[in-house]
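So the chains spell out like this:
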Amino acid sequence: MLSVSEYAKKFDMAVLAQDTTESVIRTGCERARDYRVAAYYTTPTWTPLVAEVLRGSDVHVGVALAFPYGTQTTRTKEAEIHEALEVGGTALDMVINIGALKSGDLALVEREIAMLADRARDGGALSKVIIEVGFLTDEEIRTATRMGVDHGVDHVKTATGSAVLPDVRHLEVMTSALGGRTRLKLSGVPRTFALAATLWMLDMGVDLIGTRSAPDLVDQYRAHVEKSQAAEKIPARV
Ligand SMILES: O=C[C@H](O)COP(=O)(O)O
């Protein structure tokens, strides 16, 4: 069983809606810092603020790039990566060009993944590619995941959370294509049975879970651990 702090480190907390205000970003960031999750993700406009609030903590400054469609040009994505690193981003998630992948322009998709991996590595940041599985065939999921593995990104992420949520089949296809240093990040947690769902996901080989609900889940997990420990002290009924 994971300790509460180990469980918290399985979460990339994400606040990404386009109508999010500065006070919501700041409050979320302070919670991410206090709960010591793995990272706190926002869209690029908030990165300087997030870097300031998280300074001195062990929580990564996450930046969601080319969000949510991934259709920006390679030059625009390059500029986003550069700026994110410049203002303090330490974990960069970039949406791939889904339309290019589905059109068979694998060279473009691979070039952008390589660019992210290389620039992040040079800048001392983590790199994660978002492949949006709901739009992809199994073969396309495998291809995109393998590209991430080949270029040594830290994680391949299932989705942005703004389209279709992943299912078991998606996870199985991605897991079978993973290797090396690259691990699986899953986006989104169902609203019901959320704690059980996260435990199942981690059991399925998911390494990181991206969700706005991270602090609430850590609270639920703490209560679950305390209940289990209390139960162990009760003599078994005969
Ligand atoms: O990566 C995070 C997702 O986009 C949001 O997930 P959520 O709906 O559970 O907050």
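In the annotation of an unreviewed UniProt entry, the chain is listed under the name Deoxyribose-phosphate aldolase and assigned to Pseudonocardia charpentierae.

J.: It is not clear to me how the overall build of the chain should be interpreted in this structure. Could you clarify?
T.: Across its full length, the chain carries ten helices and eight strands. Over its C-alpha trace the chain gives a radius of gyration of 18 Å, about what one expects of a compact globule, namely 18 Å for 238 residues. Dimensions of the chain, computed from C-alpha atoms along their principal axes, come out at roughly 65 × 40 × 30 Å. Per-residue burial over the chain gives 50% buried out of 238 residues. Taking the contacts inside the chain whose residues are at least 6 apart along the sequence as the reference set, 69% of them involve residues at least 24 apart. Approximately 11,600 Å² of the chain is accessible, and the part contributed by carbon and sulfur atoms is 53%.

J.: Sorry, what's going on with the pattern of salt bridges here?
T.: Pairs can form between side chains of opposite charge once their charged atoms are near each other. Taken as a whole and judged by the stated rule, the model has 20 salt bridges. A salt bridge links Asp 138 to Arg 169; the shortest N-O distance between them is 2.8 Å. Of this pair, Asp 138 sits in helix 7 (residues 138–150) while Arg 169 sits in helix 8 (residues 168–177), and the two are 31 residues apart along the sequence. Here Arg 142 ties to Glu 139 by a salt bridge, and the two come within 3.5 Å at their closest N and O atoms. In this pair, Arg 142 and Glu 139 both sit in helix 7, three residues apart, roughly one turn of the helix. Salt bridges linked by common partners bring Asp 12, Asp 93, Lys 128 and Lys 185 together as one network.

J.: How should the nonpolar core be read in this particular structure?
T.: A general feature of soluble globular proteins is that nonpolar side chains tend to end up buried together. Core analysis: the biggest nonpolar cluster contains 71 residues, and Tyr 7, Tyr 40, Val 50, Leu 65, Leu 92, Ile 96 and Ile 131 have the highest contact counts within it. Every residue in contact with Ile 131, bar those within four places of it in the chain, is listed here: Ile 96, Ile 98, Leu 136, Ile 141, Ala 144, Thr 145, Val 156, Lys 157, Thr 158 and Met 174.

J.: Can you walk me through the pairing of strand 1 (residues 11–14) in this structure?
T.: Every other side chain in a regular strand lies on the same face of the sheet, so the side chains alternate between the two faces. By the alternation rule, side chains of strand 1 split into Phe 11 and Met 13 and Asp 12 and Ala 14, which are all buried. In this structure, strand 1 lies alongside strand 8 (residues 208–211), joined through three bridges in parallel fashion. When the sheet's bridge partners are listed, Met 13 is paired in strand 8 with Thr 211. Taken together, strand 1, helix 2 (residues 22–35) and strand 2 (residues 39–42) constitute a β-α-β crossover, and its handedness is right-handed.

J.: Would you explain empty space enclosed by the protein in this entry?
T.: Empty space among the atoms can be located by rolling a probe the size of a water molecule over them. For the structure shown, the criterion picks out one cavity of 30 Å³ or more. Considering only enclosed or pocket space, the largest cavity measures out at about 40 Å³ in volume. Around the largest cavity sit Asp 12, Ala 14, Leu 16, Tyr 41, Ala 64, Phe 67, Asp 93, Ile 130, Lys 157, Lys 185 and Gly 210, which together line it.

J.: Please explain the site of the ligand as it appears in this structure.
T.: The immediate surroundings of the ligand are formed by Ala 14, Lys 157, Thr 160, Gly 161, Ser 187, Gly 188, Val 189, Arg 191, Gly 210, Thr 211 and Arg 212. The backbone of Thr 160 places a nitrogen or oxygen atom 2.7 Å from an oxygen atom of the ligand. Arg 191 places a polar side-chain atom, nitrogen or oxygen, 3.0 Å from an oxygen atom of the ligand. Within the complex, the protein chains bury 92% of what would otherwise be the 300 Å² of accessible surface of the ligand. In this structure the site holding the ligand corresponds to the largest pocket.

J.: Quick question: what am I supposed to make of unusual backbone geometry here?
T.: Both trends apply: most residues other than glycine have a negative phi, and most peptide bonds are in trans. Looking along the chain, the bond that leaves Phe 67 and enters Pro 68 is cis, with omega of -5°. Among the secondary structure elements, Pro 68 is positioned in the loop between strand 3 (60–65) and helix 4 (74–86). For Arg 36, which is not glycine, the phi torsion reads 50° and is therefore positive. Positionally, Arg 36 belongs in the loop between helix 2 and strand 2.

Conventions adopted
All residue numbers refer to positions counted from 1 along the written sequence of the respective chain. Where local features are concerned, this predicted model is filtered to residues with pLDDT of at least 70; where side-chain atom pairs are given and counted, the filter is 80 or more; whole-chain, interface and lining totals use all residues. Each side-chain value is worked out from all heavy atoms of the structure, with water and hydrogens disregarded. For helices the rule is a DSSP run of H or I covering at least 4 residues; for strands it is a run of E covering at least 2, with both sets numbered from the N terminus onward. Here the globule rule is a power law, 2.2 Å times the number of residues to the power 0.38, and the radius of gyration is based on C-alpha atoms. The classification of residues rests on relative accessible area computed with a 1.4 Å probe and restricted to protein chains. Under 20% of the type maximum is buried, over 50% is exposed, and intermediate values are partly exposed. Any two residues whose heavy atoms approach within 4.5 Å at even a single point are treated as in contact. Computed with a 1.4 Å probe, the accessible areas rest on the Shrake-Rupley method; for each residue, only the protein chains presented here act as cover. Here a salt bridge means any side-chain nitrogen of Lys or Arg lying within 4 Å of a carboxyl oxygen belonging to Asp or Glu. Side-chain atoms within 4.5 Å link the members of a nonpolar core, which is a set of buried Ala, Val, Leu, Ile, Met, Phe, Trp, Tyr and Cys residues. Paired strands are those between which DSSP finds at least two bridges. Clockwise travel from the first strand over the helix to the second, with the strands pointing away from the viewer, marks a crossover as right-handed. Note on definitions: the grid is 1 Å and covers protein atoms alone; a cavity is a set of points where a 1.4 Å probe fits but cannot get out; a pocket is an open set with protein on both sides within 12 Å along at least five of seven lines; lining residues have an atom within 4 Å of a point. Grid points are joined across faces, edges and corners, and a volume is the space filled by probe spheres set on the points. We call a residue near a molecule or strand when any one of its heavy atoms sits within 4 Å of it. N or O atoms within 3.5 Å of each other form a polar contact, as long as, within protein, one can give a hydrogen and the other can take it, and as long as residues adjacent in sequence are counted only when both atoms are side-chain atoms. If over half the atoms of a molecule are within 2 Å of the grid points of a cavity or pocket, the molecule is regarded as sitting in it.

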